[in-house]
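Below are the chains, spelled out letter by letter.
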Amino acid sequence: MKCIVYIGNKSRNDDKTNLSSIDILTPLLRESGFSVFSVSDKKNIFTRLLHMLHTCFKYRNKVDYVLIDTYSTLNFYYAFFVSQLCGVLKLKYVPILHGGNLPNRLENSPKLSKAIFKKAHVNVAPSKYMMSKFVSFGINNIIFIPNTIELKNYTFKKRNFDKVKLLWVRSFSKIYNPLLAVEILKKLKTENIDTELCMVGPDSDGSLKEAKAYAKQLKVDVKFTGKLSKKKWLNLSKEYNVFINTTNFDNMPVSVIEAMALGLPIVSTNVGGLPFLIENNKNGLLVEPDSAELFVKAIKNLIEFPEKTNQMILESRKKIEQYDWKIVKNQWEELFQ
């Protein structure tokens, strides 16, 4: 049995964090027969780093691979210190490149980036967008393994479009531009289009408070649920008929993959890895970022042409079948051979 240490930010079952990659992938790998030790759920950043480093050292004589969830902000430095310890201990480490803004990190921190990624056993890119950016930076020890879901858990539902019922699911963070969703609702209502908006997710940086204040300022009613369990938000999704993704930076968001699996038509910003997931006018609609006008135009197009929309929904579900764990697990198993 292969032994894996998985380094990342584990959910603390609080109101401020969604499930992250480590929470999703760890049980799937265990079910596939791997022994996985995953850390850390420590709240204090220094305690968390020490926990990560100590775990690598503790299992140094039995671990086969160290997986490191790698993002572009503070977590980048966790990846740096863990990767350097792995180098000293001669452990095979595998950064998983999640942060949508990681290409900027390559430019802004070239020495640290090369120290992490060039010495890795291999880097895993969850999107071909991220893979292309790393290759252009001269990092060629990289493979594509997409983010995954268990498709059996996502019931495909046909939608009707008698009114606009928007769903937004993400952490409330400035980089995901939640205020734009509120502005979209306002513009649709200004055009006398019967519209609802539900926003699901925890507050990461105070953006939830800002969104509530903005909704009050624009005099629109928005349903804010806060963080929901996977089961609860999947059940809630049955009540809605358009999924909007307003982010300014992104890689391969699991929430969008999930929405596609559920049969929700997607309107998303055309940023990061989204064009590699959504082919405009084929399995979703892409618009330029930070434009409520373009979102409104796209949403009206979905509602006015339901036959075309339903065809996009079917194409979307077909696309997502390749992200099912039954398929993706073969790529992880091949990596760990």
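Residues numbered from 1 in each chain as written. Predicted model: local features only at pLDDT ≥ 70, side-chain atom pairs only at ≥ 80, totals over all residues. Heavy atoms only, no water.

Visitor: Can you walk me through the sheet that holds strand E10 (residues 242-245) in this structure?
Guide: Remark on secondary structure: sheet strands pair via backbone hydrogen bonds, oriented parallel or antiparallel. Spatially, E9-E8-E7-E10-E11-E12 is the arrangement adopted by the 6 strands of the open sheet, whose pairing is parallel. Here the strands that pair on one side only, and so sit at the sheet edges, are strand E9 (223-226) and strand E12 (285-287). In this sheet, neighbouring strand axes are inclined to one another by 20° on average, regardless of whether the strands run parallel or antiparallel. With 6 bridges joining them, strand E7 (residues 164-169) and strand E8 (residues 195-200) adopt parallel strand pairing. (Pairing = 2+ DSSP bridges. Helix = DSSP H or I, 4+ residues; strand = E, 2+ residues; numbered from the N terminus. Axes fitted to C-alpha atoms, helices over the stretch in contact; angles between N-to-C directions.)

Visitor: I'm lost on the packing of aromatic side chains in this one. Help?
Guide: What characterises a pair of aromatic rings is the spacing of the ring centres plus the angle enclosed by the ring planes. Here the structure, examined in full by the defined rule, presents 10 aromatic pairs. Each ring, one from Tyr129 and one from Phe276, has its centre 6.2 Å from the other, and the planes form 50°; the classification is tilted. Separated by 147 residues along the polypeptide, Tyr129 in helix H6 (residues 128-136) and Phe276 in helix H11 (residues 274-277) bring together distant segments of the chain. Phe276 gets classed as partly exposed once you look at its relative accessible area, which sits at 38%. (Phe/Tyr/Trp six-rings, centres within 6.5 Å; stacked < 30°, edge-to-face > 60°. Buried < 20%, exposed > 50% of the residue type's maximum accessible area, 1.4 Å probe, protein only.)

Visitor: Could you clarify how one ought to interpret the nonpolar core in this entry?
Guide: Proteins that are soluble and globular tend to have nonpolar side chains buried together. Ranked by size, the top nonpolar core spans 35 residues in total, and within it Leu166, Ile184, Leu197, Ile244, Val267 and Ile299 carry the most contacts. Looking at this core, the elements with two or more residues in it are E7, helix H7 (178-190), E8, helix H8 (207-218), E10, E12, helix H12 (292-304) and helix H13 (306-320). Excluding anything up to four places from it in sequence, Ile244 contacts Leu166, Leu167, Trp168, Ala181, Ile184, Leu197, Val267, Phe295 and Ile299. One finds Ile7, Val63, Tyr78 and Ala79 within the second-largest nonpolar core, a separate group that totals 33 residues. (Core = buried A, V, L, I, M, F, W, Y, C linked by side-chain atoms within 4.5 Å. Contact = heavy atoms within 4.5 Å.)

Visitor: I would appreciate a short explanation of the pairing of strand E11 (residues 266-269) in the present structure.
Guide: Remember that side chains alternate between the two faces of the sheet whenever the strand is regular. By the alternation rule, side chains of E11 split into Ile266 and Ser268 and Val267 and Thr269, which are all buried. The parallel pair E10 and E11 is bridged by helix H10 (residues 254-262), and the resulting crossover is right-handed. As defined by bridge partners, E11 adjoins E12 across 3 bridges and the pair is classed as parallel. Bridge pairing in E12 places Ser268 opposite Leu286. (Right-handed = clockwise from strand over helix to strand, strands pointing away.)

Visitor: Would you explain the packing of helix H2 (residues 45-58) against helix H3 (residues 75-89) in this entry?
Guide: Packed helix pairs are characterised by how far apart their axes lie and by the angle those axes make with each other. Look at H2 against H3: their axes get within 10 Å of each other, and the N-to-C directions meet at 25°. Here H2 is positioned roughly parallel relative to H3, judged by the angle of their axes. Handedness of the crossing formed by H2 with H3: right-handed. Listed contacts from H3 to Ile45, Arg48, Leu49, Met52, Leu53, Cys56 and Phe57 of H2 are Asn75, Tyr78, Phe81, Val82, Leu85, Cys86 and Leu89. (Parallel < 35°, antiparallel > 145°, perpendicular 65-115°, else oblique. Left-handed = near helix turned anticlockwise from the far one by under 90°.)

Visitor: How do you make sense of the side chain of Thr148 when you look at a structure like this?
Guide: Tracing the backbone through its elements, the reader meets Thr148 in the loop between strand E6 (142-144) and E7. Given the relative accessible area of 7%, Thr148 is considered buried. A distance of 2.8 Å separates a polar side-chain atom of Thr148 from the backbone oxygen of Tyr323. Those residues in contact with Thr148 that lie beyond four places of it in its chain are Ile24, Leu28, Tyr323, Asp324, Trp325 and Val328. (Polar contact = N/O pair within 3.5 Å; in protein donor to acceptor, adjacent residues only side chain to side chain.)

Visitor: How should the packing of H12 against H13 be read in this particular structure?
Guide: Close contact between H12 and H13 brings their axes to 5 Å; oriented N to C, the two are set at 100°. In this view, H12 runs roughly perpendicular relative to H13, as classed from their interaxial angle. Here Asn301, Leu302, Ile303 and Glu304 of H12 come into contact with H13, specifically with Pro306, Lys308, Thr309 and Met312. The residue makeup of the contact of H12 with H13, split by class, is 4 nonpolar, 2 polar and 2 charged. (Nonpolar A, V, L, I, M, F, W, Y, C, P; charged D, E, K, R; others polar.)

Visitor: For this particular structure, what's the right way to read the environment of Ser72?
Guide: You can see Ser72 is positioned in the loop between strand E3 (65-70) and H3. Judged by its relative accessible area of 14%, Ser72 falls in the buried class. Other than its neighbours up to four places away in sequence, Ser72 contacts Gly99, Asn101, Leu102 and Arg105.

Visitor: Where do I start with helix H1 (residues 21-31) in this structure?
Guide: Along H1, 8 of the 11 residues are buried, which leaves the element largely enclosed by surrounding structure. Here the buried face of H1 lies against strand E1 (3-7), strand E2 (35-39), E3, strand E4 (93-97) and helix H14 (325-335). Phi for Gly33, located one or two positions after H1, is positive at around 105°.

It is worth stressing that arrangement in space is one thing and function is another; only the former is reported here.
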